[in-house]
Amino acid sequence: MNHQRVALGVMLAFFALAPALIYPLFLMKVMCFALFACAFNLLIGFGGLLSFGHAMFLGSAGYISAHAAKAWGFPPEFAILAGTAAAALLGLVSGLIAIRRQGIYFAMITLALSQMVYFFCVQAKFTGGEDGIQAVPRGRLFGVLDLQDVTNMYIVVFAVFTGGFLLIYRIIHSPFGQALMAIRENEQRAISLGYDTDRYKLLAFVLSATLAGLAGATKSLVFQLASLTDVHWSMSGEVVLMC
């Protein structure tokens, strides 16, 4: 436990001090993808569920967040929440379908669902097709903090990343996290002990989708862009490699 706290402290210290030496925009991209990878790891590392469709949560949240900020005039905090909520809802719907299967069948179902979302994003008018949603306004956080300032934007991304990471840390060290790992190790034994394994796996899937959406929504404001790249199947493969 102590070495985990030391590692956490070193990581947070690095991201707090790194902007003095490294391009802040690059660091913000790193934190967004790190949160995406942590969200995916919650599902595969602790739930034992390999998804090939996590790009749909990252990309769809980015589109909703960008559209909410640009077309609906949402302030950044509500734009991020809108994108995250959309990813959570998509995670619930796709999770209810996918967890009925296991192993490679589960992975293939998530890939198929992700491709459906991708083709929707290609054809939908509000997404801008291959051009995506560009020039997304960052706005002012809570009407006070001007996110056009790179330093302010960095602080917000750092806070989002830290909050998401600590939430995942708390989840995996909770009774729910321990039960999830028990299901990963031996699902039949967990069922014999009285655990509703489908419910646990669904909740893990939705949590993972929500946090992946948080990463995608934040990323769309950082780069002021939502594009097909984030919802493409190759992004689902990249997050597997990240983990």
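Chemist: Is there a simple way to explain the overall build of the protein in this structure?
Modeler: When its secondary structure is counted, the protein shows 10 helices and 4 strands. When the helices and strands of the protein are placed in sequence order, the string is α-α-α-α-α-β-β-β-α-α-α-α-β-α. For 243 residues, the compact-globule estimate of 2.2 N^0.38 gives 18 Å, and the C-alpha radius of gyration of the protein, at 18 Å, lies within 12% of that figure. Along the three orthogonal principal directions, the C-alpha set of the protein runs to about 55 × 50 × 30 Å. Expressed as a percentage of the 243 residues in the protein, the buried residues total 48%.

Chemist: Could you clarify how one ought to interpret the environment of Leu 27 in this entry?
Modeler: Counting through the fold element by element, Leu 27 comes out in helix α2 (residues 24-47). For Leu 27, a relative accessible area of 2% corresponds to the buried category. Each C-alpha atom, one on Leu 27 and one on Ile 80, is 19 Å from the other, the two residues being 53 residues apart in sequence. With residues up to four places along the chain from it excluded, the contact list for Leu 27 reads Phe 14, Phe 15, Ala 18, Pro 19, Ile 22 and Tyr 154.

Chemist: What should I look at first to understand unusual backbone geometry in this one?
Modeler: What you tend to see is this: most non-glycine residues have negative phi, and most peptide bonds are trans. In the Ramachandran plot, Phe 142 falls in the positive-phi region, its phi being about 55° despite a non-glycine side chain. Along the chain, Phe 142 turns up in the loop between β2 (140-141) and β3 (145-146). On the accessibility criterion, Phe 142 (63% relative accessible area) is exposed. Despite not being glycine, Gln 224 shows a phi value in the positive range, around 55°. Mapped onto the fold, Gln 224 is located in the loop between α9 (197-222) and β4 (225-226).

Chemist: Please clarify how the pattern of salt bridges should be interpreted in this entry.
Modeler: A side chain of one charge can pair with a side chain of the opposite charge when the charged atoms of the two come close. Within the structure shown, the criterion is met by 4 salt bridges. With a closest N to O distance of 4.0 Å, Lys 201 and Asp 198 form a salt bridge. Residue Lys 201 and its partner Asp 198 are both found in helix α9; the two are separated by 3 residues, about one turn of the helix. The class of Asp 198 is partly exposed, set by a relative accessible area of 38%. One salt bridge connects Lys 219 with Asp 230, and the closest N-O pair in it is separated by 2.8 Å. Here Lys 219, found in helix α9, pairs with Asp 230, found in the loop between β4 and α10 (233-242); they are 11 residues apart in sequence, far enough to count as distant. Its relative accessible area of 11% is what places Lys 219 among the buried residues. Connected through shared salt-bridge partners, Glu 187, Asp 198 and Lys 201 make up one network.

Parameters and conventions
What you see as residue numbers is a count from 1 along each chain, following the sequence as written. In keeping with the predicted nature of the model, local features appear solely for residues at pLDDT of at least 70, side-chain atom pairs appear and are counted solely at 80 or more, and the whole-chain, interface and lining totals rest on all residues. Side-chain measures were taken over the full set of non-hydrogen atoms in the model, leaving aside hydrogen atoms and water. A run of DSSP states H or I qualifies as a helix once it reaches four residues; a run of E qualifies as a strand once it reaches two. Both are numbered from the N-terminal end. Values of the radius of gyration come from C-alpha atoms, whereas the globule rule sets the reference at 2.2 Å times the count of residues to the power 0.38. Exposure is judged per residue with a 1.4 Å probe applied to protein chains only, and the accessible area is read against the type maximum: over 50% gives exposed, under 20% gives buried, and values in between give partly exposed. Contacts are assigned to residue pairs with any non-hydrogen atoms lying within 4.5 Å of each other. Salt bridges are identified by distance alone: a Lys or Arg side-chain nitrogen within 4 Å of an Asp or Glu carboxyl oxygen.

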